[in-house]
Amino acid sequence: MNPLDALADIDKEVLQPLAPRTDAEARFPREAIAALGKAGLLGLVSATAVGGQGLGLKEAAQVVAQLAQTCPSTAMVVCMHYCATAVLEQQGPEAVRKAVAEGRHLSTLAFSEADSRSHFWAPTGTARADGDGVLLDARKSWVTSAFEADSYVWSSKPLAAEGASTLWLVGARAEGLSQPGRFDGLGLRGNASTPIAAKGVRIAASDRLGEDGKGFDTMMGVVLPWFSVLSAACSVGLMNGALARAIGHVSQTKHVHLDSSLADLPTIRAYLARARIQADMAQALLDDTIAAIGAGRADTMLRVLEVKAAAAESALTVTDTAMRVCGGAAFRKEAGIERLFRDARASSVMAPTSDVLYDFIGKAITGLPLF
């Protein structure tokens, strides 16, 4: 069976009843992640050689977009898991890859740091040799699935080589990791995105992912395309979820004394039409970005930079429209629209932020170096 076919049942049986609680309690969606693992969806992009589904970025984007229609928190957890898995598939140990493929291992990225903020490619945390091991010290600022995942794809300054960074596989329960605080945010409240402090965290030298000093190459060549596309997919799914709820509301809500629905008002229909166009434009750019990556087109990096910013900013507008056309009803928790409205605020300020991406895009189209 196509693993994507399992999503409809997971959405109905797990996500829909769990999503309000995930948001209200800022609770990690463990049941949803377990269901996705059992259905083979955590191993979606793992190679068939290790027991995975052997699918790619296109299918990963479809999964994330569908999850985001109901629970963007779950969608973001899966987004980061797929990004980490893309690295592990190239550079990770076989035992971990097999565990991911079997749905028994959740991973995530640990890149952003307090001292470099949204410039995730420039870690200030260090790695230093200690006998036959390595000691890590860092102040990671935001890590999705912090202390919920089984491992982190972790960045640091190089151990000894030249370069911007080195990547490591760090077990989530390694001694020396601590969580300075819990997450209680405006939106994406269930994704357990918190700081992580590392003080003298000892790992094996063999836990290095790729060559010392070559972390930047992996970040730009693997992680950035996957994260930009999947983050955009989350925004697109979120927009579709908000629009479906808004359309349902205005179609069913009646002015009894006029014998008409809200959808009979031309202004309401025009608002929804503009929102639908924006969501569809974001989807078209998402599809084209995936096509560009697959074909190795000359404009691939430009599309990668554009797609996250375009989808994130569109989601702000579309969810605002959903709130507007539904009026006071949208403020009620049971409608689900205000939750998606809050969740939509995250992507534009999530590294790389829309403003950082605009600068990169401006450099790209004027022939300037990105870094």
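For the structure itself, consult the block above.
Note that this is a predicted model, so its numbers are computed, not measured.

Colleague: If you had to explain the packing of aromatic side chains to someone new, which residues and values would you point to?
Modeller: Applying the stated criterion across every chain, the model contains eight aromatic pairs. For the cation-ring pair, Lys-140 lies above Trp-154, with the distance from its terminal atom to the ring centre recorded as 5.0 Å. Stacked on the ring of Phe-341, the Lys or Arg Arg-345 has its end atom at 3.8 Å from the ring centre.

Colleague: Describe in detail the pairing of strand S1 (residues 107-110), supporting the description with residues and values.
Modeller: In S1, alternate side chains face the same way, and those of Ser-107 and Leu-109 on one face and Thr-108 and Ala-110 on the other are all buried. Bridge count for S1 against strand S4 (residues 151-156) is four bridges, and the pairing is parallel. Within the sheet, the bridge partner assigned to Ala-110 lies in S4 and is Trp-154.

Colleague: So what about the nonpolar core? Which residues, and what values?
Modeller: Core analysis: the largest hydrophobic core is formed by 101 residues, its most contacted members being Leu-36, Val-63, Val-64, Tyr-82, Val-153, Trp-226 and Leu-230. With 19 residues, helix H6 (residues 215-252) is the single largest residue contributor to this core. Setting aside its immediate chain neighbours within four residues, Leu-230 contacts Leu-57, Ala-60, Ala-61, Val-64, Cys-79, Tyr-82 and Cys-83. Membership of the second largest hydrophobic core comes to 18 residues, among which are Leu-136, Trp-154, Ala-172 and Ile-203.

Colleague: Go over the packing of helix H1 (residues 6-24) against helix H3 (residues 57-70), please, and point to the residues and values.
Modeller: Relative to each other, H1 and H3 sit at 35°, their axes nearing to 9 Å. Between H1 and H3 lies a crossing whose hand is right-handed. Contact residues: H1 offers Leu-7, Ala-8, Asp-11, Leu-15, Gln-16 and Ala-19, while H3 offers Val-63, Gln-66, Leu-67 and Thr-70. Taken together, the residues of the contact of H1 with H3 sort by class into six nonpolar, three polar and one charged.

What counts and how
Residues numbered from 1 in each chain as written. Predicted model: local features only at pLDDT ≥ 70, side-chain atom pairs only at ≥ 80, totals over all residues. Heavy atoms only, no water. Phe/Tyr/Trp six-rings, centres within 6.5 Å; stacked < 30°, edge-to-face > 60°. Lys NZ or Arg CZ within 6 Å of the ring centre and 35° of its normal. Buried < 20%, exposed > 50% of the residue type's maximum accessible area, 1.4 Å probe, protein only. Helix = DSSP H or I, 4+ residues; strand = E, 2+ residues; numbered from the N terminus. Pairing = 2+ DSSP bridges. Core = buried A, V, L, I, M, F, W, Y, C linked by side-chain atoms within 4.5 Å. Contact = heavy atoms within 4.5 Å. Axes fitted to C-alpha atoms, helices over the stretch in contact; angles between N-to-C directions. Left-handed = near helix turned anticlockwise from the far one by under 90°. Nonpolar A, V, L, I, M, F, W, Y, C, P; charged D, E, K, R; others polar.

These figures come from the coordinates and say nothing about function on their own.
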